[in-house]
Amino acid sequence: MLDRIEKLRADILEESGNIKSTDLLEQFRIKFLSRKGLLNDLFEEFKTIDKTEKAKVGKSLNDLKNFAQNIFDEKKIQLTKSKEEKKSVTDYTLPGRTYNIGTKHLITQALEEITSIFERIGFKVYDGFEIEDEYHNFDALNTPDYHPSRDMQDTFYLESKGKDKRYLLRTHTSPGQIRVMEQQQPPVRVIVPGKCYRNEAISSRSLAVFHQVEALYVDTNVTFRELKGTLDYFAKEFFGKDLKTRMRPDYFPFTEPSAEVDVECYLCKGKGCRICKYSGWLEILGCGMVDPNVFDIVGYDSEKYTGYAFGMGIERTLMIKHGIPDIRMFYENDIRFLKQFK
Ligand code: PHE
């Protein structure tokens, strides 16, 4: 019988290691300590053994019982303690956890602001296509076959095998002009905001993807003066009231005459600084009067109607407005950069 007592001691010791919850503790109690438990079985048997052995066996048996009871008591204390500890983990006096709440990206914010500036003076928004065909991106914009912007290096052409047209990622928002004019007769007053793609070498000033906002206004008697006035209005609204604008002659295949617009440097107010390369001026968009050839292509009466158009680079405009030194910062999604523009 002494052997069986030692065996049970080993079992109790082994099982005591597994008591990790009050349920397991209860199972332990039932198995070893309860009235129908294994210890009690031994005590029943103890009654039947030879008197000469009783003193010795009785002592071991009592030791074993105390051993099991101690384990039970100790585990019980441990378990209730850890339960209480768990309960008190929440300290309601601590300040609450704060979460980073996302905001609209700087570019989205700018597109919305620019859209609202033009909506106030009667422009409607037209969503162009990012995937365009060669016709809308070039031909219909009076861009001849030999024009360098058609070169494979500047344009991402798409696999167009088996298709009747050659497709590409639009290189500017100007094809939006053609799409609008194909769909409606003058008067037309729209802006086309969106992404454009060019196969550029990546640097602090250019990326293969960027945003533009295109504007087109066609009616009878639209003049260059109105174009100038509209751009002045925009610059004042977007950059602040006392910023001057100026125009320089330029060339685009789809406008005649054409111009570039400069804005007085936002940072130095025209005095000259690093951002404006000490000229006091920064270039933000291309514009001009719609070339009559374009009207002929879309079927507008070029004798009756005139119009102006412009296309503005958004990243460029924002770099100027906020003094952002590298265009790549817009797309790195560094929260320290983004959260400055809430
Ligand atoms: N599409 C021209 C560009 O991307 C800008 C432009 C738009 C010029 C409309 C004139 C009129 O550079």
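Heads up: the structure comes first, above all this text.
On a predicted model such as this, the values are computed, not experimentally measured, just so you know.

Could you give me a rundown of the packing of aromatic side chains, with the residues and numbers involved?
The full count for this structure, using the stated rule, is 14 aromatic pairs. Relative to Phe238, the ring of Phe234 has its centre 5.4 Å away and its plane inclined at 15°; by these criteria the two rings are stacked. With Phe234 and Phe238 both in helix α8 (residues 224–239) and four residues apart, this pair spans about one turn of that helix. Exposure remark for Phe234: the relative accessible area of 1% places this residue in the buried category. Of the aromatic side chains, those joined through ring pairs into one cluster are Phe118, Phe123, Tyr217, Phe234, Phe238, Phe239, Tyr308 and Phe310. Sitting over the ring of Phe123, Arg189 keeps its end group 5.8 Å from the ring centre.

Can you tell me about the pairing of strand β5 (residues 209–219), naming the residues and giving the values?
Of all 11 residues that make up β5, nine are buried, and the element is covered over most of its length. Inspection of the sheet shows strand β4 (residues 188–197) paired to β5 by 10 bridges, in the antiparallel sense. Directly across from Val192, in β5, lies its bridge partner Glu214. Here eight bridges tie β5 to strand β9 (residues 306–313), and the two strands are oriented antiparallel to one another. For Val218, the partnering residue across the bridge sits in β9 and is Gly307.

An account of the site of the ligand is needed here, citing residue identities and associated values.
Neighbouring residues of the ligand: 14 residues in total, closest His172, Ser174, Arg198, Gln212 and Gly311. Note that a nitrogen atom of the ligand is positioned 2.9 Å from one of the side-chain N or O atoms of His172. Side-chain polar atom of Gln212 to an oxygen atom of the ligand: 3.0 Å apart, as the coordinates give it. Coverage of the ligand by the protein chains reaches 90% of its 320 Å² of free accessible surface. At the level of elements, β5, β8 (281–290) and β9 are the ones that each hand at least two residues to the shell around the ligand. Here the shell around the ligand gets three residues from one element, more than from any other, and that element is β9. For the shell around the ligand, a count of residues per class yields five nonpolar, seven polar and two charged.

Help me get a handle on the pattern of salt bridges, residues and values and all.
Overall, the coordinates contain 21 salt bridges when judged by the stated rule. Here the residues in one salt-bridge network are Glu132, Asp133, Lys165 and Arg179, joined through shared partners.

Account for the packing of helix α2 (residues 22–33) against helix α4 (residues 51–87), with residues named and values stated.
Two elements in contact, α2 and α4, have axes separated by 10 Å at closest approach and are oriented at 165°. In terms of axis orientation, α2 runs roughly antiparallel to α4. For the pair α2 and α4, the crossing hand works out as left-handed. Mapping the contact onto sequence places Thr22, Leu25, Phe28, Arg29 and Leu33 in α2 and Lys65, Ala68, Gln69, Ile71, Phe72, Lys75, Lys76 and Leu79 in α4. In terms of residue class, the contact of α2 with α4 is made up of seven nonpolar, two polar and four charged.

Describe unusual backbone geometry, naming the residues involved and giving the relevant values.
In this structure, Pro187 follows Pro186 across a cis peptide bond, with omega equal to 0°. With an omega of -5°, the peptide bond running from Glu256 to Pro257 counts as cis. Positive phi is not limited to glycine here, since Asn221 has a value of about 60°. Residue placement: Asn221 occurs in the loop between β5 and α8. The phi dihedral of Asn333 falls on the positive side, at around 55°, and the residue is not glycine. Among the secondary structure elements, Asn333 is positioned in the loop between α10 (314–322) and α11 (335–338).

Procedures and definitions
Residues numbered from 1 in each chain as written. Predicted model: local features only at pLDDT ≥ 70, side-chain atom pairs only at ≥ 80, totals over all residues. Heavy atoms only, no water. Phe/Tyr/Trp six-rings, centres within 6.5 Å; stacked < 30°, edge-to-face > 60°. Helix = DSSP H or I, 4+ residues; strand = E, 2+ residues; numbered from the N terminus. Buried < 20%, exposed > 50% of the residue type's maximum accessible area, 1.4 Å probe, protein only. Lys NZ or Arg CZ within 6 Å of the ring centre and 35° of its normal. Pairing = 2+ DSSP bridges. Near = heavy atom within 4 Å. Polar contact = N/O pair within 3.5 Å; in protein donor to acceptor, adjacent residues only side chain to side chain. Areas by Shrake-Rupley, 256 points an atom, 1.4 Å probe, with all protein chains shown as cover. Nonpolar A, V, L, I, M, F, W, Y, C, P; charged D, E, K, R; others polar. Salt bridge = Lys/Arg side-chain N within 4 Å of Asp/Glu carboxyl O. Axes fitted to C-alpha atoms, helices over the stretch in contact; angles between N-to-C directions. Parallel < 35°, antiparallel > 145°, perpendicular 65-115°, else oblique. Left-handed = near helix turned anticlockwise from the far one by under 90°. Contact = heavy atoms within 4.5 Å.

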